[in-house]
Amino acid sequence: MNDTWVYVALAAAVLLVGGVVVARRSRGAAPIAVPTPVAPVAAEPVASEPATVAAPPSFRDRLSRARGVFATATTGVLRRSTIDQSTWDDLEEAMLRADLGVKVTAALLDPLRERVKRRDIADPAALIDALRHDMTSRLASAQRGLNFDASLGTPNIWLMVGVNGAGKTTSVAKIAAQQIALGRTVLMAAGDTFRAAAGEQLETWATRTGAAIVRGAEGADPSSVVFDGVQSAAARGIQLVLADTAGRLQTNTNLMDELRKVRRVAEKAAGVVTEVLLVIDATTGQNGLVQARQFADATQVTGVVLTKLDGSAKGGIVFAIETELGIPIKLVGLGETVADLAPFDPHEFVAALFDE
Ligand SMILES: Nc1nc2c(ncn2[C@@H]2O[C@H](COP(=O)(O)OP(=O)(O)O)[C@@H](O)[C@H]2O)c(=O)[nH]1
Ligand SMILES: [Mg+2]
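Structural notes, computed from the coordinates. Values in this document were obtained by computation on a predicted structure and should not be read as measured data.

Conventions adopted
Residues numbered from 1 in each chain as written. Chains lettered and ligands numbered in written order. Predicted model: local features only at pLDDT ≥ 70, side-chain atom pairs only at ≥ 80, totals over all residues. Helix = DSSP H or I, 4+ residues; strand = E, 2+ residues; numbered from the N terminus. Expected span 1.5 Å × (residues − 1). Buried ≥ 20, exposed ≤ 12 C-beta atoms within 10 Å, placed from the backbone. Axes fitted to C-alpha atoms, helices over the stretch in contact; angles between N-to-C directions. Parallel < 35°, antiparallel > 145°, perpendicular 65-115°, else oblique. Left-handed = near helix turned anticlockwise from the far one by under 90°. Contact = placed C-beta atoms within 7 Å. Nonpolar A, V, L, I, M, F, W, Y, C, P; charged D, E, K, R; others polar. Pairing = 2+ DSSP bridges. Right-handed = clockwise from strand over helix to strand, strands pointing away.

**Remarks on helix α8 (residues 196-209)**
Reasoning step 1: Spanning 14 residues, α8 covers 20 Å between terminal C-alpha atoms, matching the ideal 20 Å at 1.5 Å per step.
Reasoning step 2: Among the 14 residues in α8, 10 count as buried, and that is most of the element.
Reasoning step 3: Taken together, the buried positions of α8 are occupied by A198, G199, E200, Q201, L202, E203, T204, W205, A206 and T209.
Reasoning step 4: One or two positions beyond α8, positive phi appears at G210, with a value near 85°.

So, in structure tokens, the structure goes:
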């Protein structure tokens, strides 16, 4: 391809992107077409695939890296005829490596040590069974459904919060696709006004998933964009607003204060916040717990979306999040396309950790 063709192709791409961009810049204003001044290369990477939602990916098949993390330890434990110090060492090491954390690991292993002492558990196979059972039951009681109140008569608002790069915007797209497939109408509010590219990334997802979108100018007050989104959804009879937010702000603004404000202002509009979903990147490990604590304190988090579980063996963080913070893991991100979102299933999750 010679240079002329490159320029023609680029110009065509810019026109194409510019043509679909519709943004609302101020409260009450009619949607206006805004040409995008940014070349396609500057946009955030967005995986390209149709917005259709196939059958949910098999949770177990898609866990890839987290899958079988206990398999080596289990094989070692089962190879011995008795339970001895190396049995406990093997289990503890595997659990810490999978990011269950020191506290959760002790909370699981200490009662098992007692049971072995009492001869309630007599052999390695019974010990592994008991551990699997206890791990599953630790996670079994949480309520994981997404809160949607169809009787509100005003939009349900689901706020996405989390640090930069955790997967908020991608999760908005995935959730939108699933909710649209359920027959609900969805509007995305581009509350990450920190960079223009963030709004463009969301715009692309809105087009692909068939969701409506409300954007603000770069640097606009995130609360006012979310407010506008909720007002627009209410006016158009749209049932669900998915509000994206920034994971970082201009240096002089405190993120947690801003998120508190976003929540407050969102509810001043004609809608109700029925979910605050904290998006955590599974690859950040125990640090995710520190983040979760901060966000939970600031924004009354109702559930966690644990992303990038397809690329990490550190899924054990779910135990710490649920047992130490009492926040249910509601959804799991298993890839970069809109279909790569699954409900968290504790039974399948624990089974996947043990089985290869
Ligand atoms: N492998 C994988 N990548 C993901 C997942 N969720 C998000 N990502 C990627 O993580 C990066 C940051 O995601 P983004 O949604 O922009 O994060 P945000 O800053 O929180 O909005 C992007 O490259 C996404 O494609 C997931 O579940 N699995
Ligand atoms: Mg984002």
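After that view, the rundown keeps rolling.
**Concerning the packing of helix α10 (residues 255-268) against helix α11 (residues 287-299)**
Reasoning step 1: Contact geometry of α10 with α11 gives a least axis separation of 9 Å together with a crossing angle of 40°. Judged by the angle between their axes, α10 and α11 are oblique. Remark: the crossing between α10 and α11 carries right-handed chirality. The residues of α11 that touch α10, namely those facing M256, L259, R260 and R263, are Q294, A298 and T299.
Reasoning step 2: Of the residues that constitute the contact of α10 with α11, the class distribution is 3 nonpolar, 2 polar and 2 charged.

**So, the sheet that holds strand β7 (residues 272-281)**
Reasoning step 1: Strand order in the open sheet made by the 8 strands is β5-β4-β6-β3-β7-β8-β9-β10, with mixed pairing throughout. Because the sheet does not close on itself, it has two edges, and the strands there are β5 (212-214) and β10 (341-343). Taking each pair of neighbouring strands and ignoring which way they run, the sheet shows an average axis angle of 25°.
Reasoning step 2: Running at roughly 170° to strand β3 (residues 156-161), α10 makes contact with β3, β4 (186-191), β6 (240-245) and β7 of the sheet.

**Remarks on unusual backbone geometry**
Reasoning step 1: Phi is positive for Q300, which is not a glycine, with a value near 50°.
Reasoning step 2: As for its placement among the helices and strands, Q300 is situated in the loop between α11 and β8 (303-307).

**Describing the pairing of strand β9 (residues 329-333)**
Reasoning step 1: For β9, the tally of buried residues reaches 5 of 5 residues, placing the bulk of the element in the interior.
Reasoning step 2: Of the strand pairs in this sheet, β8 and β9 are connected by 3 bridges, and their pairing is parallel. Following the sheet pairing, V305 is matched in β9 by L331.
Reasoning step 3: For the segment spanning β8, helix α12 (residues 317-325) and β9, crossover handedness is right-handed.
Reasoning step 4: Looking at chain direction, β9 and β10 are connected through 3 bridges and run antiparallel. Paired with L331 across the two strands is P343, which belongs to β10.

**Re the environment of F227**
Reasoning step 1: Looking at where F227 falls in the secondary structure, it is placed in helix α9 (residues 222-236).
Reasoning step 2: Along the sequence, F227 and A269 sit 42 residues apart, while their C-alpha atoms lie 5.7 Å from each other.
Reasoning step 3: When neighbours within four sequence positions are excluded, F227 is seen to be in contact with V265, A266, K268 and A269.

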